[in-house]
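Tertiary structure, described
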Amino acid sequence: MSTQPAVREWTYAEFARLPDDGNRYEVIAGELYVTPAPGRFHQKVSARLVHLLEAFCQEHEAGEVYAAPIDVIFANGDYVEPDLVFVRAENADAVLDERGVVGTPDLIVEILSDSTERRDRGIKRERYAGYGVPEYWIVDADEKQVEVYRLVVGELRRAAVEDDALRYRPTLGGPELVIDVRHLFRPANDYTKPRFTN
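Throughout, a residue's number is its position along its own chain's written sequence, starting from 1. Where local features are concerned, this predicted model is filtered to residues with pLDDT of at least 70; where side-chain atom pairs are given and counted, the filter is 80 or more; whole-chain, interface and lining totals use all residues. As a rule here, side-chain values come from all non-hydrogen atoms in the structure, and water together with hydrogens is ignored.

With that out of the way, let us pick up the overall build of the protein chain. Helix and strand labels come from DSSP, where a helix needs a run of H or I of at least four residues and a strand needs a run of E of at least two; each type is numbered from the N terminus. A tally of helices and strands in the protein chain yields 6 helices and 15 strands. Both definitions apply: the radius of gyration is a C-alpha atom measure, and the globule rule equals 2.2 Å times residues to the power 0.38. Here the C-alpha atoms of the protein chain give a radius of gyration of 16 Å, agreeing with the 16 Å that 2.2 N^0.38 yields for 198 residues. Expressed as lengths along the three principal axes of its C-alpha atoms, the size of the protein chain is roughly 50 × 35 × 30 Å. Scored against the burial criterion, the 198 residues of the protein chain give a buried share of 45%. We call two residues in contact whenever any of their non-hydrogen atoms come within 4.5 Å of each other. Relative to all contacts within the protein chain whose residues are 6 or more apart in sequence, the contacts with residues 24 or more apart total 52%. Values of accessible area rely on a 1.4 Å probe in the Shrake-Rupley scheme; residue burial ignores everything except the protein chains shown. Working note: accessible area of the protein chain is about 10,300 Å², and carbon and sulfur atoms make up 48% of it. Think of it this way: Lys and Arg go in the positive column, Asp and Glu in the negative one, and His and the chain ends go nowhere. Positions of charges follow a simple convention, taking NZ of Lys, CZ of Arg, CG of Asp or CD of Glu. Taking the 24 positively charged and 36 negatively charged side chains of the protein chain as two groups, their mean positions are separated by 4 Å. For each residue, the accessible area found with a 1.4 Å probe, counting protein chains only, is set against the maximum for its type, and the residue is called buried under 20%, exposed over 50%, and partly exposed in between.

Our next topic: empty space enclosed by the protein. Lining residues are defined by having an atom within 4 Å of a point belonging to a cavity or pocket. Those points lie on a 1 Å grid over the protein atoms alone, cavities being sets where a 1.4 Å probe fits but cannot get out and pockets being open sets with protein on both sides within 12 Å along at least five of seven lines. Grid points are joined across faces, edges and corners, and a volume is the space filled by probe spheres set on the points. According to the stated counting rule, one finds 1 cavity of 30 Å³ or more in the structure shown. Estimated volume of the largest cavity: approximately 30 Å³. Surrounding the largest cavity, Arg-24, Glu-26, Thr-35, Glu-110, Thr-116, Arg-119, Asp-120 and Lys-124 form its lining. Taken together, the elements giving at least two residues each to the lining of the largest cavity come down to strand S2 (24-28) and helix H4 (117-121). Residues of the lining of the largest cavity, tallied by class, amount to no nonpolar, 2 polar and 6 charged. Three categories are distinguished: nonpolar for Ala, Val, Leu, Ile, Met, Phe, Trp, Tyr, Cys and Pro, charged for Asp, Glu, Lys and Arg, and polar for the others, with Gly belonging to the last.

As a further point, take the environment of Val-109. With respect to the helices and strands, Val-109 occurs in strand S10 (residues 107-111). Residue classification places Val-109 among the buried residues on the basis of a relative accessible area of 1%. The sequence separation of Val-109 and Trp-137 amounts to 28 residues, and the corresponding C-alpha distance is 4.7 Å. Excluding residues that lie within four positions of it along the chain, Val-109 makes contacts with Leu-49, Pro-82, Asp-83, Leu-84, Trp-137 and Val-139.

Turning next to the pairing of strand S12 (residues 145-152). The pairing of strand S11 (residues 135-140) with S12 spans 6 bridges and is antiparallel. Residue pairing for S12: Val-139 is matched across the bridge by Val-146. Between any two strands, pairing holds if DSSP finds at least two bridges. Here S12 runs beside strand S13 (residues 155-162); their pairing, made up of 7 bridges, is antiparallel. Residue Tyr-149 lies in a different strand from S13, and its bridge partner there is Arg-158. Between S12 and the antiparallel strand that follows it, S13, lie 2 residues; Val-153 among them carries a positive phi value of about 50°.

Let us now look at helix H5 (residues 123-130). One turn of the α-helix equals 3.6 residues, which is why residues spaced by three or four share an orientation. Those residues of H5 that fall on the buried side of the exposure criterion are Lys-124, Tyr-128 and Ala-129. In an axial view of H5, the angular spread of the buried residues amounts to 135°, which keeps them on one side of the axis. H5 presents Glu-126 and Gly-130 as exposed residues on the side facing more than 90 degrees away from its buried surface. Of the residues one or two after H5, Gly-132 is the one with positive phi, at around 80°. Directions pointing from the helix axis toward each C-beta atom define the arc.

Here it is, written out as structure tokens:
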């Protein structure tokens, strides 16, 4: 399914009235993008990441993690639905409300699919940088790796490509989450334990 952007002025109220039909709707720089629901393995990888981040958040009271569908409302004309978002505990009151994330989360994660790869690597990375997202992960299940981008002088620059151990420390000097990348991409019916435990 191809996505044809439709340029117009969008209020959040208009965006919120788009149908709940299994597609993903996003407005990026005033353009509407429609993407079909992700595939089964995409959802399995997403669930594994949510499980790891949620366990870390609970153990260390680090913040809150959400998986799609959840709206990230940056500003009028920029409403996105990333695969995962993380908001540090000290920022939660400022950027979370009943609609979703209103402002800048501390981490955004996108899991690539054929219909989203160009957007995830292009305009979304640019918009995330423009709104000050400090860290952005692009999860590539085909290559079995996670690309880590960090904000440097207003640009999300690639800091690492991890295919073994992905390390994330939400706060300087705070606890560190270590993700077994190979285990993240194991087959759906593989229930073995990861090599690293937190």
